[in-house]
Amino acid sequence: MNQPDSPHYPTRVSIPSDLEEARQLQDQIEQQLMEVGGFSEAEIFAIKLALEEALVNAIKHGNQMDRSKMVHVAFRLETGRFDIQIADEGPGFDPDDVPDCTDPENLERPCGRGLLLMRHYMNRIDYIPPGNIVVMSKWSKNGQA
Amino acid sequence: MSSQPRRRRLELEEVGDVTVVNFVDKKILDEQNIQIIGEQLFDLVDNQQKRKILLNFGNVEFLSSAALGKLITLNKKVQTAGGKLVMCNIARSIMEVFEITKLDKMFKIFPDEQAALQAF
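About the criteria used
Residues numbered from 1 in each chain as written. Chains lettered and ligands numbered in written order. Predicted model: local features only at pLDDT ≥ 70, side-chain atom pairs only at ≥ 80, totals over all residues. Heavy atoms only, no water. Helix = DSSP H or I, 4+ residues; strand = E, 2+ residues; numbered from the N terminus. Expected span 1.5 Å × (residues − 1). Buried < 20%, exposed > 50% of the residue type's maximum accessible area, 1.4 Å probe, protein only. Pairing = 2+ DSSP bridges. Salt bridge = Lys/Arg side-chain N within 4 Å of Asp/Glu carboxyl O. Axes fitted to C-alpha atoms, helices over the stretch in contact; angles between N-to-C directions. Contact = heavy atoms within 4.5 Å. 1 Å grid on protein atoms, 1.4 Å probe; cavity = no way out; pocket = protein on both sides within 12 Å on 5 of 7 lines; lining within 4 Å. Points joined across faces, edges and corners; volume = space filled by probe spheres on them. Nonpolar A, V, L, I, M, F, W, Y, C, P; charged D, E, K, R; others polar. Buried area = accessible area lost by both parts, 1.4 Å probe. Polar contact = N/O pair within 3.5 Å; in protein donor to acceptor, adjacent residues only side chain to side chain.

Enquirer: Tell me about helix 2 (residues 41–62) of chain A, residues and numbers included.
Expert: Residue and element names in this part refer to chain A. Taking 1.5 Å as the rise per residue, helix 2 with 22 residues should run 32 Å; its terminal C-alpha atoms sit 30 Å apart, in good agreement. Taking burial as the measure, the 22 residues of helix 2 include 17 buried ones, the bulk of the element. Where helix 2 terminates, the next one or two residues include Gln64, which has phi positive at roughly 55°.

Structure, rendered in structure tokens:
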């Protein structure tokens, strides 16, 4: 299923479901974020956190830590603008089914906190049905996108 | 799969009857790392019978939702044991993470160690 406004991603990487591999990819993306510039320190924190949560979700919940399953990452970076798509090989999920972790009743449960942070920190986040692909974008407040 | 040695992730200091915990890591990420930090924190309550615990986040620059889960469990353990968990020195960016997830309402948070110690 194509996103009508899905950007062209010049960089595509596939990694096995391994958190160490994800860490290395995160380090590479962070390095490129610094090089391309246009983001404030707070915006880089936001991207790093959303990326961490999305990759951990894909590896742990999507692929169930099965190393034979891959996580497919495609991204585009330009000054003050970051677009990324992360796809796992799991069955997907409906983000609307995830309980609200800010509800006092759920506050102590491990539920959707990562998803909440991703939504807060990125300008755009969409799950493509059946929910195993997440598309996120962040653009700088400074209007350099 | 274990690429990191199982080293101590917490530095402990006793101030009166309060156990002050400093984190060794600047980034509390990584499943394995978080697991070890969780075990070492829970050990304070479960085996070392600590009841007044102050977490000093002065060294921490980054943490993820997986780490928040461990803090919630620790808080529950301390409360069940009749103790008190307090936090301090949380960087602005991390404080925002607590606010978004509404955990700032659950945890007792103070700007610095001095103020936090007085809360026990």
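Enquirer: Tell me about the pairing of strand 1 (residues 10–15) of chain B, residues and numbers included.
Expert: All names here are of chain B. Here strand 1 pairs with strand 2 (residues 18–23) via six bridges, running antiparallel. Counterpart to Glu14 in the pairing with strand 2 is Thr19. Connecting the antiparallel pair strand 1 and strand 2 is a turn made up of two residues, with Gly16 showing a positive phi of about 65°.

Enquirer: Which residues make up the pattern of salt bridges, and what are the values?
Expert: Counted by the stated rule, this structure contains 13 salt bridges over all chains. Note that Asp83(A) is salt-bridged to Arg81(A), the shortest N-O span being 2.7 Å. The buried category is assigned to Asp83(A), whose relative accessible area is 0%. Of the charged contacts, one joins Arg9(B) and Asp25(B) as a salt bridge, the two residues approaching to 3.1 Å between their closest N and O atoms. Of this pair, Arg9(B) sits in the segment before strand 1 while Asp25(B) sits in the loop between strand 2 and strand 3 (27–28), placing them 16 residues apart in sequence. Using a relative accessible area of 1% as the deciding quantity, one classes Arg9(B) as buried.

Enquirer: Describe the sheet that holds strand 3 (residues 81–87) of chain A, listing the residues and the values that go with them.
Expert: Residue and element names in this part refer to chain A. Pairing is antiparallel across the open sheet formed by five strands, whose spatial order is 1-2-3-5-4. Of all strands in the sheet, those with a lone pairing partner are strand 1 (11–16) and strand 4 (124–128), marking the two edges. Here the strands of the sheet are splayed against their neighbours by 15° on average, with no regard to which way each runs. Across seven bridges, the pairing between strand 2 (residues 70–78) and strand 3 is antiparallel. Pairing of Leu77 across the sheet is with Phe82, part of strand 3. Against the sheet, helix 1 (residues 19–36) contacts strand 1, strand 2 and strand 3, and its axis sits at roughly 5° relative to strand 2. Running at roughly 130° to strand 4, helix 3 (residues 113–121) makes contact with strand 4 and strand 5 (133–139) of the sheet.

Enquirer: Got a sec to walk through the layout of surface pockets? Specific residues and values, please.
Expert: Looking at the second largest pocket, its volume works out to about 600 Å³. At the level of elements, helix 2, helix 3 and strand 5 of chain A together with helix 3 (92–100) of chain B are the ones that each hand at least two residues to the lining of the second largest pocket. When residues in the lining of the second largest pocket are grouped by element, the largest group, seven residues, is from helix 2 of chain A. When grouped by side-chain class, the residues that make up the lining of the second largest pocket number ten nonpolar, five polar and nine charged.

Enquirer: Report on the interface of chain A and chain B, specifying residues and quantitative values.
Expert: Each side of the interface is counted separately: chain A has 20 residues, and chain B has 22 residues. Summed over the three residues of chain A that lose the most area to chain B, namely Phe45(A), Glu108(A) and Arg113(A), the buried surface amounts to 28% of that side. The tally of links between chain A and chain B comes to zero salt bridges. Run the count over chain A and chain B and you get two residue pairs in polar contact (both at pLDDT 80 or more). Those elements giving two or more residues to the side of chain A that touches chain B turn out to be helix 1, helix 2 and helix 3 of chain A.

Everything listed is a geometric property; what it means functionally is a separate question.
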